[in-house]
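What the coordinates show
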Amino acid sequence: MEWVQRSVMASTRRRELLTEALDRLGPGHSALRVRVCAALLMELAMPGSGEDVRALAREVEDGAREVGDVESLLSVVNARHILLRTSPDPSARQAVGAELRELAEAHADPWWQARSLVADIYDAFIDGRHGEVVALADRLLDRADRARSARLRWHHALVLASLNRDLGDFAEADRWAEEAVMRGAAGG
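Once that is clear, we can look at the overall build of the chain. Tallying secondary structure elements over the chain gives ten helices and zero strands in all. For the chain, the sequential pattern of α-helices and β-strands runs α-α-α-α-α-α-α-α-α-α. Taking 188 residues into account, the globule formula puts the C-alpha radius of gyration at 16 Å, and the chain, at 17 Å, falls close to it. In terms of overall dimensions, the chain has C-alpha extents of about 55 × 35 × 30 Å along its principal axes. Counting only contacts in the chain whose residues sit at least 6 apart along the sequence, the fraction spanning at least 24 positions is 55%. Here the chain has roughly 9,500 Å² of accessible surface; of this, 55% comes from carbon and sulfur atoms. For the chain, the distance from the average site of its 25 positive side-chain charges to the average site of its 31 negative ones is 2 Å.

And the structure:
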């Protein structure tokens, strides 16, 4: 999935390009349409997204199951976790996080394993389990390195900046924030 994001991220018109591609592909569940829909879903999924994003998630999930595209299915589960971040029911978000982790581990792609760790880290922060964040962040960096993903290395630095801020170690939080700026710039 990262190759789709990289190719689209090179443009400032990501959403427009993906939407145009979908219009040209037409309806139906082809493998290409499912993958383009999944890329658009990754672009649009934000906490509090509307029904249009949920409908796109349903389309991607149906198509991914029909054509057997595990990458797109991972995109849907990841998007569901993001969409549930504003939900008052943490158990639903945690269940989706567990599903994402299970799918990612079975898929054995370090990029998706890292994405599932981002979800685990989010849940740990929200639940106040700060003691777990360091170990999860170490695993995130390992998977990000194995996936050669500058964006996920950036996430790692952001996690440590946030953790140290929450723990009151502002000097360390600043150091990690600076590291995040450097990693973000290096990763584009």
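Quick look at helix α10 (residues 170–187) now. Relative to the 26 Å expected for 18 residues at 1.5 Å per residue, α10 spans 25 Å between its end C-alpha atoms, a close match to the ideal helical length. All buried positions along α10 are accounted for by Ala173, Trp176, Ala180 and Arg183. Seen from one end, α10 has its buried residues packed into an arc of 85 degrees, which puts them on one side. Exposed and oriented more than 90 degrees from the buried face of α10 are Ala171, Asp174, Glu178, Val181, Met182, Ala185 and Ala186. Here the buried face of α10 lies against α8 (130–147) and α9 (150–166). Just downstream of α10 lies glycine 188, where phi reads positive at about 80 degrees.

Let us now look at the pattern of salt bridges. Within the structure shown, the criterion is met by 19 salt bridges. Here arginine 80 and glutamate 99 are joined by a salt bridge, their closest N and O atoms 3.3 Å apart. Here arginine 80 is found in helix α5 (residues 70–83), whereas its partner glutamate 99 is found in helix α6 (residues 90–107), with 19 residues between them in sequence. A relative accessible area of 22% means that arginine 80 is categorised as partly exposed. Glutamate 99 sits in the partly exposed class, given a relative accessible area of 26%. One salt bridge connects aspartate 123 with arginine 93, and the closest N-O pair in it is separated by 2.4 Å. On the criterion of sequence distance, the pair formed by aspartate 123 in helix α7 (residues 110–126) and arginine 93 in helix α6 is long-range, its members being 30 residues apart.

Its 18 residues give α6 an end-to-end C-alpha distance of 26 Å, which sits within 8% of 26 Å, the value for a rise of 1.5 Å per residue. For α6, the full list of buried residues reads Arg93, Val96, Gly97, Leu100 and Ala104. Projection of α6 onto a plane perpendicular to its axis shows the buried side chains occupying an angular sector of 105 degrees, all on one side. Pointing more than 90 degrees away from the buried face of α6 are the exposed residues Glu102 and Ala106. With its phi angle positive at about 65 degrees, alanine 108 sits one or two positions after the end of α6.

What counts, and at which threshold
Residues numbered from 1 in each chain as written. Predicted model: local features only at pLDDT ≥ 70, side-chain atom pairs only at ≥ 80, totals over all residues. Heavy atoms only, no water. Helix = DSSP H or I, 4+ residues; strand = E, 2+ residues; numbered from the N terminus. Rg over C-alpha atoms; globule rule 2.2 N^0.38 Å. Contact = heavy atoms within 4.5 Å. Areas by Shrake-Rupley, 256 points an atom, 1.4 Å probe, with all protein chains shown as cover. Lys, Arg positive; Asp, Glu negative; His and termini not counted. Charge placed at Lys NZ, Arg CZ, Asp CG, Glu CD. Expected span 1.5 Å × (residues − 1). Buried < 20%, exposed > 50% of the residue type's maximum accessible area, 1.4 Å probe, protein only. Arc of directions from axis to C-beta. Salt bridge = Lys/Arg side-chain N within 4 Å of Asp/Glu carboxyl O.

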